[in-house]
Amino acid sequence: MTTMESLIGLVNRIQRACTVLGDYGGGDNTFSSLWEALPSVAVVGGQSSGKSSVLESIVGRDFLPRGSGIVTRRPLVLQLHKTDEGSQEYAEFLHLPKRRFTDFGAVRNEIQEETDRITGKTKQISPVPIHLSIYSPNVVNLTLIDLPGLTKVAIEGQPETIVDDIETMVRSYVEKPNCIILAISPANQDIATSDAMKLAREVDPSGDRTFGVLTKLDLMDKGTNALDVLEGRSYRLQQPWVGIVNRSQADINKNVDMIVARRKEREYFATSPDYGHLASKMGSEYLAKLLSQHLESVIRSRIPSITSSINKTIDELESEMDHLGRPIALDAGAQLYTVLEVCRAFERIFKEHLDGGRPGGDRIYGVFDNQLPAALKKLPFDRHLSLQNVRRVVSEADGYQPHLIAPEQGYRRLIEGALNYFRGPAEASVDAVHFVLKELVRKSIGETQELKRFPTLQADIAAASNEALERFRDESKKTVVRLVDMESSYLTVDFFRKLPQEVENKGGNPQAPVTDRYGEGHFRRIGSNVSSYVGMVSDTLKNTIPKAVVFCQVKEAKQSLLTRFYTQLGKKEGKQLLQLLDEDPALMERRQQCAKRLELYKAARDEIDSVSWTR
Ligand SMILES: Nc1nc2c(ncn2[C@@H]2O[C@H](COP(=O)(O)OP(=O)(O)OP(=O)(O)O)[C@@H](O)[C@H]2O)c(=O)[nH]1
């Protein structure tokens, strides 16, 4: 059999665990709240409605701070545990786990001090609850949350916003569907103007989860009574109204014992001409029992949904943990392994960009297929081989003695001059491919999920990759310039061997006058010969430059982008490795929070399982 004790105790234990981890009703949380899934009873009432008196009466002890102004400035989660008759009463705070309070005056002081500890003496309010457990034979098993009294005006020393702040905080508790509202209203005031009922009506219009409590029945004007309210005619609720008679201010001043006060209250109802017929359903003791039973049955009915929400959250948290990555191992070997794993993941993605599978590698072919041919086409050979320039270069090459047969020197100079132009497009291709590769490195880093955790490692990999790409670029430039220089250093003899024949075949007359050699046609022919030679070289380079670029840059990037980095890595000590695995603090924080939540939810699941087993 599940006992009341175990069910309410279960929720108590989960609530305490929640508070330790910063999950409480009024707190703002980036995680879904377990607290909110748990049924709880929140006590709300306007100032001086008798809220503190009701709570003390339920406990049977004076223990709440008194004073003017807003005394309750943090929620007080009051967990009552019934103990065996005759055993000693004591109290315990969650924030002072090792200390048992048997003096309830000291409990009052501790509540006050603990309130100030978070809110300062500024009279601000805070949503962080204080947890107080009371073990006593005079209580029923019950958990109540005491909230600041609703007020209409700030008093001296309090910030103007306090009125709204209190309402917002109280609302954050009572608007949750799992919250049972204990709404306290004084009988000597029109129920229609009760702050507690106003708020309760707003957040629970059907009155399903609101318990109406009417205090100060003894202070009503002679000849009037509160039967209309208590019998549900003035204000209908699904739960019964409970009337209460607390100690008056005079009783408090006289230090009237709470147990005596309870007896007096019982007598009041038993002998009251107005409420005698309701006596068994009135008073603070009855209220405590009613709430305890109700809370227990609500918890019982919610257990399945709480369990399934816990299981769902555990799944979510576990998958988030997987996503965030597991914590870093402590030994250097494992750390090195992690670094290598991450590097390999990056390299794999980078290769996919080059080889296909991921976009971007095709842009390299774009350089060879479009950019390079277009650049070659744009080279200013027309100008270089204009009649004028050919004549000038050939004449200059001849010097004082004009050439007699073919202008060997002239040809050479013209060709060398033309070939020089090829350096530009050759180097530009290298640069263009370099930028594509750099961009792919950047992209790949962004796409390496494993790297997101480690900003330092990420920066180091980026730096190492870019440094390697620069080296490959230098090498590639040297190689393509060499290709061009090779073309100038040795001309293709065959081409020229074939020339005169062609010229003669086409030109026709071998007996043409010698003076023709220095005429326009002669230079034009030279220009056109050089032009076709240069065209032939251009075709060759169009093919060989891409080969050189791929060999020096693309293939190298694929094979040894991080080779140097790996060599340096091998020399690193444990401490330096750990620096590489220095995680983003926000992420570490999130993982830590996730882990804590996971622990909480698993503990909650175990708690629930343990109760189910005893059934
Ligand atoms: N006679 C009589 N006096 C009561 C009753 N309930 C409360 N009082 C008195 O009303 C005053 C306010 O009661 P509290 O219990 O302090 O009310 P509260 O709502 O906690 O007030 P704050 O803490 O100021 O918000 C005290 O002087 C109590 O003695 C009651 O049922 N009968």
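Residues numbered from 1 in each chain as written. Predicted model: local features only at pLDDT ≥ 70, side-chain atom pairs only at ≥ 80, totals over all residues. Heavy atoms only, no water.

Caption draft 1: A look at the packing of aromatic side chains. With the rule as written, the count across this model stands at 13 aromatic pairs. Ring centres of Phe93 and Phe101 lie 5.3 Å apart, and the angle between their planes is 85 degrees; this geometry places the pair in the edge-to-face category. The residues Phe93 and Phe101 share a single accessibility class, namely buried. Taken together through their ring pairs, the aromatic side chains of Tyr411, Phe495, Phe496 and Tyr533 make up a single cluster. The ring centre of Tyr90 lies 4.0 Å from the NZ or CZ of Arg100, which sits over that ring. Between Arg473 and the ring centre of Phe435, over which it is positioned, the NZ or CZ distance is 5.9 Å. (Phe/Tyr/Trp six-rings, centres within 6.5 Å; stacked < 30°, edge-to-face > 60°. Buried < 20%, exposed > 50% of the residue type's maximum accessible area, 1.4 Å probe, protein only. Lys NZ or Arg CZ within 6 Å of the ring centre and 35° of its normal.)

Caption draft 2: Molecular detail of the side chain of Gln239. Tracing the chain through its elements places Gln239 in the loop between helix H6 (227-230) and strand E9 (242-243). Judged by relative accessible area, Gln239 falls into the buried class, the value being 16%. In terms of polar contacts, Gln239 uses its side chain to reach the backbone carbonyl oxygen of Asp208, at 2.9 Å. Not counting residues up to four positions away in its chain, the partners in contact with Gln239 are Gly207, Asp208, Thr210, Phe211 and His294. (Helix = DSSP H or I, 4+ residues; strand = E, 2+ residues; numbered from the N terminus. Polar contact = N/O pair within 3.5 Å; in protein donor to acceptor, adjacent residues only side chain to side chain. Contact = heavy atoms within 4.5 Å.)

Caption draft 3: Broad picture of empty space enclosed by the protein. One pass over the full model with this rule turns up two cavities of 30 Å³ or more. Each pocket or cavity is described by its volume, and for the largest cavity that value is around 60 Å³. In terms of lining, the largest cavity is formed by 10 residues, of which the most central are Trp35, Ser40, Tyr173, Lys176 and Cys179. Tallied by class, the residues present in the lining of the largest cavity amount to four nonpolar, four polar and two charged. If you add up the space inside the second largest cavity, you get close to 40 Å³. Lining of the second largest cavity is provided by Ser53, Glu56, Ser57, Arg66, Asn246, Arg247, Ile252 and Met258. Residue contributions to the lining of the second largest cavity peak at three residues, all from helix H2 (residues 51-59). Per-class residue counts for the lining of the second largest cavity are two nonpolar, three polar and three charged. (1 Å grid on protein atoms, 1.4 Å probe; cavity = no way out; pocket = protein on both sides within 12 Å on 5 of 7 lines; lining within 4 Å. Points joined across faces, edges and corners; volume = space filled by probe spheres on them. Nonpolar A, V, L, I, M, F, W, Y, C, P; charged D, E, K, R; others polar.)

Caption draft 4: Quick look at the confidence of the model for the chain. Averaged over every residue, the pLDDT of the chain is 87; residues scoring 70 or more account for 93%. Note that residues 501-508 has pLDDT below 50 and, in this model, three contacts with residues that lie over four places away or in other chains. (pLDDT = per-residue confidence, 0-100.)

Caption draft 5: How the structure looks around the pattern of salt bridges. If you walk through the whole model with that rule in mind, you get 37 salt bridges. Residue Arg66 pairs with Asp62 through a salt bridge whose shortest N-O separation is 3.9 Å. Residue Arg66 is classed as partly exposed on the basis of its relative accessible area of 34%. For Asp62, a relative accessible area of 21% gives the class partly exposed. A salt bridge links Arg442 to Glu439; its shortest N-O distance comes to 2.7 Å. In this pair, Arg442 and Glu439 both sit in helix H15 (residues 423-447), three residues apart, roughly one turn of the helix. Relative accessible area serves as the criterion here: at 24%, Glu439 is assigned to the partly exposed category. In the salt-bridge network here, residues are joined through shared partners; they are Glu56, Asp62, Arg66, Arg108 and Arg247. (Salt bridge = Lys/Arg side-chain N within 4 Å of Asp/Glu carboxyl O.)

Caption draft 6: Layout of the pairing of strand E6 (residues 142-146). Burial analysis of E6 places five of its five residues in the buried class, the great majority of the element. Judged by which residues are buried, E6 turns out to be covered on both faces: Leu142, Leu144 and Asp146 on one side and Thr143 and Ile145 on the other are all buried. In this sheet, E6 lies alongside strand E1 (residues 40-45) in parallel orientation, the contact comprising three bridges. The residue bridging Val43 from the neighbouring strand is Asp146, located in E6. (Pairing = 2+ DSSP bridges.)

Caption draft 7: Geometry of the site of the ligand. Surveying the vicinity of the ligand reveals 19 residues, the closest of which are Ser52, Ser53, Asp218, Asn246 and Gln249. Between Ser48 and the ligand, the recorded distance is 3.0 Å, taken from a backbone N or O atom to an oxygen atom. One of the backbone nitrogen or oxygen atoms of Gly50 is found 2.9 Å away from an oxygen atom of the ligand. For the ligand, the accessible surface in isolation is 630 Å², of which the surrounding protein chains cover 88%. Of all the elements in the fold, those that place two or more residues in the shell around the ligand are H2 and helix H7 (249-253). Sorting elements by how many residues they give to the shell around the ligand places H2 first, with three residues. Each residue belonging to the shell around the ligand can be placed in one class, and the counts come to four nonpolar, 10 polar and five charged. (Near = heavy atom within 4 Å. Areas by Shrake-Rupley, 256 points an atom, 1.4 Å probe, with all protein chains shown as cover.)

Caption draft 8: Highlighting the sheet that holds strand E8 (residues 210-215). Spatially, E4-E3-E5-E2-E6-E1-E7-E8-E9 is the arrangement adopted by the nine strands of the open sheet, whose pairing is mixed. In this open sheet, the two strands that pair with only one neighbour each are strand E4 (96-101) and E9. As defined by bridge partners, E8 adjoins E9 across two bridges and the pair is classed as parallel. Looking across to E9, one finds that Val213 is bridged to Val242.

Caption draft 9: Expanded view of the layout of surface pockets. Space inside the second largest pocket adds up to approximately 750 Å³. For the second largest pocket, the lining is made up of 32 residues, of which Ser48, Gly50, Ser52, Ser53 and Arg66 are closest to its centre. Listed by contribution, the elements that provide at least two residues to the lining of the second largest pocket are H2, helix H3 (104-119) and H7. Of the residues in the lining of the second largest pocket, the class split is nine nonpolar, 15 polar and eight charged.

Caption draft 10: Structural detail: the packing of helix H4 (residues 162-174) against helix H5 (residues 195-203). Running from N to C, H4 and H5 point in directions that differ by 45 degrees, and their axes come no closer than 11 Å. Between H4 and H5, the crossing angle belongs to the class labelled oblique. Of the two elements, H4 crosses H5, and the hand of that crossing is right-handed. The segment H4 lies against H5, with Glu167, Val170, Arg171 and Val174 engaging Leu199, Glu202 and Val203. (Axes fitted to C-alpha atoms, helices over the stretch in contact; angles between N-to-C directions. Parallel < 35°, antiparallel > 145°, perpendicular 65-115°, else oblique. Left-handed = near helix turned anticlockwise from the far one by under 90°.)

Caption draft 11: A look at helix H18 (residues 520-560). Compared with the 60 Å implied by 1.5 Å per residue over 41 residues, the 57 Å span of H18 between its first and last C-alpha is a close match. At Val550, H18 shows its largest kink, close to 40 degrees. (Expected span 1.5 Å × (residues − 1). Bend = angle between axes of the 7 residues up to and from the residue.)

Caption draft 12: Region of the structure containing H5. Inspection of H5 places Ala196, Met197, Leu199, Ala200 and Val203 among the buried residues, and these make up the whole buried set. Along the long axis of H5, the arc covered by the buried residues comes to 165 degrees, so they all point the same way. Here the buried face of H5 lies against E1, H4, strand E7 (179-186) and E8. Here H5 starts with a cap whose side-chain oxygen sits 3.3 Å from the backbone nitrogen of Ala196, and that cap is Ser194. (Arc of directions from axis to C-beta.)

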